[in-house]
Amino acid sequence: MSEFSLPRASIPARLLLTQGVSRPGHIFVMERVPHHDGPETVLELLNRPEGFFAFRPEENHEVLLVSKVQTVSRSVDRQAPIADPARLSAARMLGLEVVLVGGATLGGWASAELPEPHARLLDYLNASPEPFFAVWTHAATHYVNRAYVVYARPLA
């Protein structure tokens, strides 16, 4: 290991690529980041400027360097999109359904950390120029690439 390598933590995840292939495996996040306590979040990893991330498929254990541009979504079991309890309690929960290129549909919630007059689903989807956003359910959090969203609609 190089003296300049950063410690990484492995997280089980399901990866959906543009070819429509969904596969289980592991992704790797930094154990520490300078801007908050604790490990890097999956959303932070996906929205970093680097074009690729490491993914180890369950079936063969060879690490693949996957293009973020070819990633439709990545799903992680039972991981809240916002780890800080104070931020999570202040966020507004927005019900939504997202239809992706290829027809896959995700339903769940988005945690909108926006001022009340600007906390609609449209505001949440347009609030950030970053390529990925989070949709969560009780079972998983889905990190979705905006480029592959056909449409989203609010759910009550």
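Residues numbered from 1 in each chain as written. Predicted model: local features only at pLDDT ≥ 70, side-chain atom pairs only at ≥ 80, totals over all residues. Heavy atoms only, no water.

## Some remarks on the overall build of the chain
Inference 1: What the chain contains, in helices and strands, is 3 helices and 10 strands.
Inference 2: The helix and strand sequence of the chain, counted from the amino end, reads β-β-α-β-β-β-α-β-β-α-β-β-β.
Inference 3: The burial tally for the chain puts 38% of its 156 residues in the buried class.
Inference 4: Within the chain, counting contacts between residues at least 6 apart in sequence, those at least 24 apart form 53% of the total. (Helix = DSSP H or I, 4+ residues; strand = E, 2+ residues; numbered from the N terminus. Buried < 20%, exposed > 50% of the residue type's maximum accessible area, 1.4 Å probe, protein only. Contact = heavy atoms within 4.5 Å.)

## So, the pairing of strand β9 (residues 140–145)
Inference 1: β9 sits mainly inside the fold: 6 of its 6 residues count as buried.
Inference 2: A two-sided burial pattern is seen for β9, the buried positions comprising A140, H142 and V144 on one face and T141, Y143 and N145 on the other.
Inference 3: Here strand β5 (residues 71–77) runs beside β9; their pairing, made up of 5 bridges, is antiparallel. Bridge assignment links S75 to a residue of β9, and that residue is H142.
Inference 4: Direction of pairing for strand β8 (residues 132–136) relative to β9: antiparallel, over a ladder of 5 bridges. Bridge pairing links V135 to H142 in β9. (Pairing = 2+ DSSP bridges.)

## Side note on the pairing of strand β3 (residues 52–57)
Inference 1: Of the two faces of β3, the one holding F53, F55 and P57 is buried and the one holding F52, A54 and R56 is not buried anywhere.
Inference 2: Here strand β2 (residues 22–30) pairs with β3 via 3 bridges, running antiparallel. Each residue of the ladder has a partner; that of H26, found in β3, is R56.
Inference 3: Strand direction decides the pairing type here: β3 and strand β4 (residues 64–67), joined by 4 bridges, are antiparallel. Bridging across to β4, F53 finds its partner in V66.
Inference 4: Adjacent in sequence and paired antiparallel, β3 and β4 are bridged by 6 residues, among which H61 carries a positive phi angle near 65°.

## Here's the deal with the side chain of K68
Inference 1: Inspection of the secondary structure puts K68 in the loop between β4 and β5.
Inference 2: Lacking a salt bridge, the buried K68 has E50 as its closest oppositely charged neighbour, with an N-O distance of 4.4 Å.
Inference 3: Of the polar contacts made by the side chain of K68, one reaches the backbone oxygen of E50; its length is 2.8 Å.
Inference 4: Beyond its immediate chain neighbours, meaning those up to four positions away, K68 contacts L45, L46, R48, E50, G51, F52, F53, F132 and N145. (Lys, Arg positive; Asp, Glu negative; His and termini not counted. Salt bridge = Lys/Arg side-chain N within 4 Å of Asp/Glu carboxyl O. Polar contact = N/O pair within 3.5 Å; in protein donor to acceptor, adjacent residues only side chain to side chain.)

## Regarding the pattern of salt bridges
Inference 1: Inspection of every chain in the model, using the stated rule, returns 5 salt bridges.
Inference 2: Of the charged contacts in the structure, one is a salt bridge between R48 and E50, with a shortest N-O distance of 3.4 Å.
Inference 3: Note that D123 is salt-bridged to R120, the shortest N-O span being 2.9 Å.
Inference 4: Overlapping salt bridges, with partners in common, bring together E40, R48 and E50 in one network.

## Digging into the environment of D77
Inference 1: As for its position among the elements, D77 is in strand β5.
Inference 2: By relative accessible area, which is 58% here, D77 ends up exposed.
Inference 3: Taking the C-alpha atoms as reference points, D77 and W136, 59 residues apart in sequence, are found 9.6 Å from one another.

## What to know about a nonpolar patch on the surface
Inference 1: Among the surface-exposed residues, F52, V63 and L65 lie close enough to one another that they form a single nonpolar patch of about 330 Å² accessible area.
Inference 2: Looking at the element boundaries, F52 is found in strand β3. (Patch = residues over 30% accessible without salt bridge, like charges linked within 9 Å, V, L, I, M, F, W, Y side chains within 5 Å. Areas by Shrake-Rupley, 256 points an atom, 1.4 Å probe, with all protein chains shown as cover.)

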